[in-house]
Amino acid sequence: MKEMVLVTGGAGYIGTHTTVELVNAGYDVVIVDNLSNAEMAAVEGVRKITGVDVPFEKVDCCDKDALNKIFEKYKFNSIIHFAASKAVGESVLKPLLYYRNNITSLLNVLTLMKEHGVRNIVFSSSCTVYGQPKKLPVTEQTPRQPATSPYGNTKQICEDILRDTVSAYPEIFGIALRYFNPIGAHPSALIGELPKGVPGNLVPFITQTAAGLRDHLSIFGNDYDTPDGTAIRDYIDVVDLAKAHVVAVGRMINGKSLKNYEFFNIGTGNGVSVMELVNAFQKVNGVKVPYEIVGRRAGDIEKIWADTSYANKELGWKAERSLEDTLASAWAWEKKLRGIK
Ligand code: UFG
């Protein structure tokens with residue numbers, strides 16, 4: 001019998017790419033999403049890429065009764081829990097929404113896992129839990145720091161809920177993946193990032209500027225303590241990131257976990273500045289991205305990148321796609337969306 005995986009938030013950016021990789025790896029997948037920040041077209045994209053009519057259930061994970069019906073309908077072995085609100089700025093304005101959505105959905109998922117005997121869960125965490133680390137790159141041993149936004153706080157709280165739950169119910173295994181900055185799109189350009197309104201993140205803003213939807217990119221600060229003065233991040237290709245989830249699920253199914261609760265840094269190990277990223281995008285795609293340097297964005301950290309050696313060794317996973325290929329895929333996706341030749 002094939003293993004069946006529930007992917008909550010499976011119509012979203014990382015959820016769709018992960019579903020494709022799970023199906024490619026031979027898993028049966030069921031997508032649950034409330035479509036609050038995703039489109040059905042993304043699910044259609046997944047079906048087209050895989051050639052599989054992946055089941056979709058429009059359910060809000062905060063609705064425990066509705067989610068229970070999904071657990072009754074299918075027999076899951078594992079869950080990848082993406083469903084969450086994810087905009088840092090919005091979380092400052094709407095903290096109650098973020099705490100309610102992100103925490104309630106995880107509590108419901110864990111409660112139903114216990115009630116239905118589902119063993120494995122991957123939780124989507126973030127490098128935001130490290131804040132601005134004193135020492136770079138960050139390892140999994142780098143201490144977490146108090147969160148600077150309600151969004152970041154929900155990631156820390158959810159990690160703790162997962163840790164405490166698997167400790168009390170040792171039949172459950174959990175892995176938190178701490179993502180660095182996911183970018184890019186599937187090479188087919190059938191799925192990619194679909195931000196609503198003005199993009200808050202760098203790469204969607206760059207692609208929309210190159211496509212002429214925005215007249216210029218604002219680069220937030222060039223007075224940081226970095227070689228070119230712009231902030232540094234670790235940009236991880238979304239397909240590489242998706243594959244890390246497949247490995248994490250397989251690790252738990254095959255009894256390879258060292259402990260009931262584990263967490264890993266999922267990045268490339270390379271720090272790239274905003275300016276370097278903009279230049280690489282222009283070069284690889286042969287397009288101009290007009291930009292202006294403006295003041296720092298409130299709440300931004302100066303620099304962070306991952307030490308990925310633990311994930312590389314323990315998971316046997318490594319980011320493979322080059323930054324150039326990833327930036328080309330981001331542009332191919334934007335062009336397809338906008339009908340640009
Ligand atoms: N940036 C610009 N101009 C823009 C947008 C971003 O210069 O229009 C800069 C930011 O100041 C930052 C870098 O590009 O230096 C990356 O910004 P993003 O908004 O793309 O990503 P962040 O690193 O701020 O945030 C990401 C995720 C969050 C997560 C955080 C953890 O989006 O979910 O990493 O550090 F919490």
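Within each chain, residues carry numbers counting from 1 in the order of the written sequence. Only residues with pLDDT of 70 or above have their local features reported here, since the model is predicted, and side-chain atom pairs are shown and tallied only from 80 upward, although totals for entire chains, interfaces and linings are computed over all residues. For the side-chain quantities, the full set of heavy atoms in the structure was used; hydrogens and water were omitted.

Caption draft 1: Region of interest: the site of the ligand. Here, proximity means that at least one heavy atom of the residue falls within 4 Å of the molecule or strand. Neighbouring residues of the ligand: 20 residues in total, closest Asn201, Ser218, Arg233, Arg297 and Asp300. We define a polar contact as two N or O atoms separated by no more than 3.5 Å, with the added condition that, inside protein, one atom must be a possible hydrogen donor and the other a possible acceptor, whereas residues neighbouring each other in sequence contribute only through side-chain atom pairs. Note that an oxygen atom of the ligand is positioned 2.8 Å from one of the side-chain N or O atoms of Asn201. Only the protein chains shown count as covering a residue, and every accessible area follows the Shrake-Rupley method with a 1.4 Å probe. Burial of the ligand by the protein amounts to 88% of the accessible area it has alone, namely 680 Å². Counting from the N terminus, the helices are the DSSP runs of H or I reaching at least four residues and the strands are the DSSP runs of E reaching at least two. When residues of the shell around the ligand are traced back to their parent elements, those giving at least two are α7 (202–210) and β8 (217–220). When residues in the shell around the ligand are grouped by element, the largest group, 4 residues, is from β8. Its residues assigned to classes, the shell around the ligand shows 11 nonpolar, 6 polar and 3 charged. Amino acids are sorted into nonpolar (Ala, Val, Leu, Ile, Met, Phe, Trp, Tyr, Cys and Pro), charged (Asp, Glu, Lys and Arg) and polar (every other residue, Gly among them).

Caption draft 2: The pairing of strand β2 (residues 28–33), seen in detail. Relative accessibility thresholds used throughout: buried, under 20% of the residue-type maximum; exposed, over 50%; partly exposed, between the two (1.4 Å probe, protein chains only). Of all 6 residues in β2, 5 are buried; the element is thus mostly enclosed. In short, DSSP must find at least two bridges between two strands for them to pair. With 5 bridges connecting them, strand β1 (residues 4–8) and β2 associate as parallel partners. Note that in β2 the partner of Met4 across the bridge is Asp28. The crossover handedness rule: strands pointing away from the viewer, path from first strand over the helix to second strand clockwise, crossover right-handed. In terms of handedness, the path from β1 via helix α1 (residues 13–24) over to β2 forms a crossover that is right-handed. In the sheet, β2 pairs with strand β3 (residues 56–58) via 3 bridges, with the strands oriented parallel. Bridge pairing in β3 places Asp33 opposite Lys58. Note that the unit made of β2, helix α2 (residues 40–50) and β3 has a crossover that is right-handed.

Distances and angles like these do not, on their own, reveal function.
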